[in-house]
Amino acid sequence: MPKKARPAGDGEEEGPVPKQATVEAACGPASPLDFDSPSGLFESFIAPITTETFFKEFWEQKPLLIQRADPAFAAYCQPLFRLSDLKSLCSRGVYYGRDVNVCRCVHGKKKVLNKDGRVHFLQLRKDFDQKRATIQFHQPQRFKDELWRIQEKLECFFGSLVGSNVYITPAGAQGLPPHYDDVEVFILQLEGEKRWRLYQPTVPLAREYSPEAEDRIGRPTHEFTLKPGDLLYFPRGTIHQAATPEGLAHSTHVTISTYQSSSWGDFLLDTISGLVFDAAKADVALRAGIPRQLLLVETTAVATRRLSGFLRMLADRLEGTKELPSADMKKDFAVNRLPPYYTGDGAELVTPGGRFPGLDSTVRLQFRDHAVLTVGPDQDPSDETREKMVYVYHSLKNRRDTHMMGNEETEPHGLRFPLSHMDALKQLWNSSAISVKDLKLTTDEEKQNLVISWPYVLTDVHRRRANYSMSQKVTKAIFRQVYLIQCGRKGTAPIKVSFKFNCHYLVFFGRNNFFKEPHWL
């Protein structure tokens, strides 16, 4: 399976990033999936198995095969991705290595048949028909709307990135040798049939991809054929291989994967640096220097005992910690995940709505599943004190067309606040609706400034329409203070700001060292 942080597959060349994909009008069979909520989507995705049964008996434990024999579900699955879609996709500009791999399993090994540069449909179809090659299409949710819709909800459900690959294999052929992956795998059969063989893991819950030789894996633990609408799940580390039977049409399936680098070990690595940083500020023993020449010799028993003591001390401190520091995992998830599914141009995601909030407003948080709240050192390079700040990252402006493609230049979207705002932010986070007057901040000014600066808050529909006739002078003074709060600054240091007014809302543009984007207020 391809990793997010690198180009997917074994191609030689990457092409330019395609333009933002446009959403097509909904069509095709009615969906048997429940998109009303992330939990409803997952429950309908694995039906008739319940979510409770799945996590109790199968998740990270053993494979699950769901053979539905449901014509309606099969009819829904087919348009998710078809062999016939490749012609139009190639015309949009896809490239070998980045978007498409062409491969065969030859004598137990993967043989890549990629060309250079852009993929041309006629050549792709020639390799498919004449060389019996498998076409592997990376991250089709970038182009196929219903896959975007499914995977966006699954990312909300799992709280982890969800990628996908489509595999199209001609009759009597196999694309990949036996191997295991470092992700939890859900396979949905879309077209034709495919014969699967699963084997006992040699590395349970593996942390990396690896091929396995036939003479090492023994006899299959499971053998079966998937037909359109059928679903297969297996945990990371499960050895598997699959082939299209002879004498039948080609096979198309989508592999939906999640939980890469999402183990307790990964979470510990993510939090330990913050725990050490905080502990070192409070405990002089952690600030003391290591023994002279320790780096020039093998680690001594004295150094090992000292480190063991520090780890026990960190464990004791962790027991009383209210806010676990997250160095990268939360931010990485928010920055790299899919934006919310929408139709049209998506402007409603980042345009304010409702009424202008005030102290007499009742407010609620929109898109809660698409935002994360975390605490970390101030990332402003001009701040030498490195005080803790509250960071709110969101995915409303993320790009669908770069999802899971390893684009290192991705920038975060969101806001930052002083640590003193944490309790009030949690109130917004955990309440279906809350009165601005009830926010846990010291002054009414702080309460009003917080809800004005918060881009996901709408006022209660019962509040009277706000008065927009306030003078620009007064409004600028209010929003200048909001800007200082967002930047974590107090005082009256001059900053460059500009304002734009219309009858519904005000857009505030300011120089912000952390989030380089205008704030909708």
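Cut-off values and rules
- Residues numbered from 1 in each chain as written.
- Predicted model: local features only at pLDDT ≥ 70, side-chain atom pairs only at ≥ 80, totals over all residues.
- Heavy atoms only, no water.
- Helix = DSSP H or I, 4+ residues; strand = E, 2+ residues; numbered from the N terminus.
- Contact = heavy atoms within 4.5 Å.
- Areas by Shrake-Rupley, 256 points an atom, 1.4 Å probe, with all protein chains shown as cover.
- Axes fitted to C-alpha atoms, helices over the stretch in contact; angles between N-to-C directions.
- Parallel < 35°, antiparallel > 145°, perpendicular 65-115°, else oblique.
- Nonpolar A, V, L, I, M, F, W, Y, C, P; charged D, E, K, R; others polar.
- Phe/Tyr/Trp six-rings, centres within 6.5 Å; stacked < 30°, edge-to-face > 60°.
- Buried < 20%, exposed > 50% of the residue type's maximum accessible area, 1.4 Å probe, protein only.
- Lys NZ or Arg CZ within 6 Å of the ring centre and 35° of its normal.
- 1 Å grid on protein atoms, 1.4 Å probe; cavity = no way out; pocket = protein on both sides within 12 Å on 5 of 7 lines; lining within 4 Å.
- Points joined across faces, edges and corners; volume = space filled by probe spheres on them.
- Arc of directions from axis to C-beta.
- Pairing = 2+ DSSP bridges.

So, about the overall build of the protein chain. Regarding its fold elements, the protein chain presents 14 helices and 22 strands. Partitioning the contacts of the protein chain with sequence separation of at least 6, the portion at a separation of at least 24 is 79%. Accessible surface, the protein chain as shown: approximately 26,000 Å² in total, 52% of it carbon and sulfur.

A separate point is the packing of helix 8 (residues 264-282) against helix 10 (residues 301-319). For any two helices packed against each other, the geometry comes down to the angle between their axes and how far apart the axes lie. Packing of helix 8 against helix 10 leaves a shortest axis separation of 11 Å and a crossing angle of 95°. On the basis of the axis angle, helix 8 is roughly perpendicular to helix 10. Contacts between helix 8 and helix 10 involve Ile 272, Leu 275, Val 276, Asp 278, Ala 279 and Ala 282 from the first element and Met 313, Leu 314, Arg 317 and Leu 318 from the second. Taken together, the residues that form the contact of helix 8 with helix 10 break down as eight nonpolar, no polar and two charged.

A word on the environment of Leu 89. Relative to the elements of secondary structure, Leu 89 occurs in helix 4 (residues 85-91). For the pair Leu 89 and Phe 143, spaced 54 residues apart in the sequence, the C-alpha separation amounts to 8.0 Å. Ignoring sequence-local partners within four residues, the contact set of Leu 89 consists of Phe 81, Val 94, Phe 137 and Phe 143.

For the structure on display, the rule yields 27 aromatic pairs. Where Phe 54 meets Phe 55, the ring centres are 5.1 Å apart and the plane angle is 85°; that geometry is what we call edge-to-face. Since its relative accessible area comes to 31%, Phe 55 is described here as partly exposed. A cation sits over an aromatic face here: Arg 68 above Phe 73, 3.9 Å from the ring centre. In this structure, Arg 149 is placed above the aromatic ring of Phe 35, and the distance from its NZ or CZ to the ring centre is 3.7 Å.

A few words now on empty space enclosed by the protein. A full pass over the atoms with the stated rule returns one cavity of 30 Å³ or more. When contributions to the lining of the largest cavity are tallied by element, the ones reaching two or more residues are strand 5 (162-169), strand 7 (184-191), strand 8 (194-199), strand 12 (239-243) and strand 13 (251-258). Here the residues of the lining of the largest cavity sort into eight nonpolar, nine polar and two charged.

Once that is clear, we can look at the side chain of Gln 141. With respect to the helices and strands, Gln 141 occurs in the loop between strand 4 (134-138) and helix 6 (145-158). Each residue touching Gln 141, except ones within four places of it in the same chain, is listed here: Leu 147, Trp 148, Gln 151, Val 162, Gly 163, Ser 164, Leu 338, Arg 400, His 403 and Met 404.

For the rest of this paragraph, the subject is unusual backbone geometry. Here Ala 47 and Pro 48 are connected by a cis peptide whose omega angle stands at 15°. Take Pro 48: it is sitting in the loop between helix 1 (38-45) and helix 2 (51-57). Positive phi is not limited to glycine here, since Leu 205 has a value of about 50°. Along the chain, the position of Leu 205 falls in the loop between strand 8 and strand 9 (210-211). Of note, Tyr 259 is a non-glycine position whose phi angle comes to about 65°, a positive value.

Our next topic: helix 5 (residues 121-130). All of the buried residues along helix 5 are Phe 121, Leu 124, Asp 127 and Phe 128. Across the axial projection of helix 5, the buried residues extend over an arc of 130°, all falling on one side. Helix 5 presents Leu 122 and Gln 130 as exposed residues on the side facing more than 90 degrees away from its buried surface. Within two residues after helix 5, Arg 132 carries a phi angle of roughly 55°, on the positive side.

A few words on the sheet that holds strand 15 (residues 371-377). Judged by pairing direction, the sheet is antiparallel, and its three strands sit side by side in the order 15-16-17 without closing on themselves. For this open sheet the edge positions go to strand 15 and strand 17 (413-418), each flanked by a neighbour on one side alone. Strand-to-strand twist in this sheet, taken as the mean axis angle between neighbours without regard to direction, amounts to 25°. Examined bridge by bridge, strand 15 and strand 16 (residues 388-394) share seven bridges and lie antiparallel to one another.

Since the α-helix advances by 3.6 residues per turn, residues separated by three or four positions end up pointing in the same direction. Of all eight residues in helix 1, six are buried, a share of seventy percent or more. Along helix 1, the positions that sit buried rather than exposed are Pro 38, Gly 40, Leu 41, Phe 42, Ser 44 and Phe 45. Summarising the contacts, the buried residues of helix 1 are in contact with helix 2, helix 3 (71-77), helix 6, strand 7, strand 11 (231-234) and strand 13.

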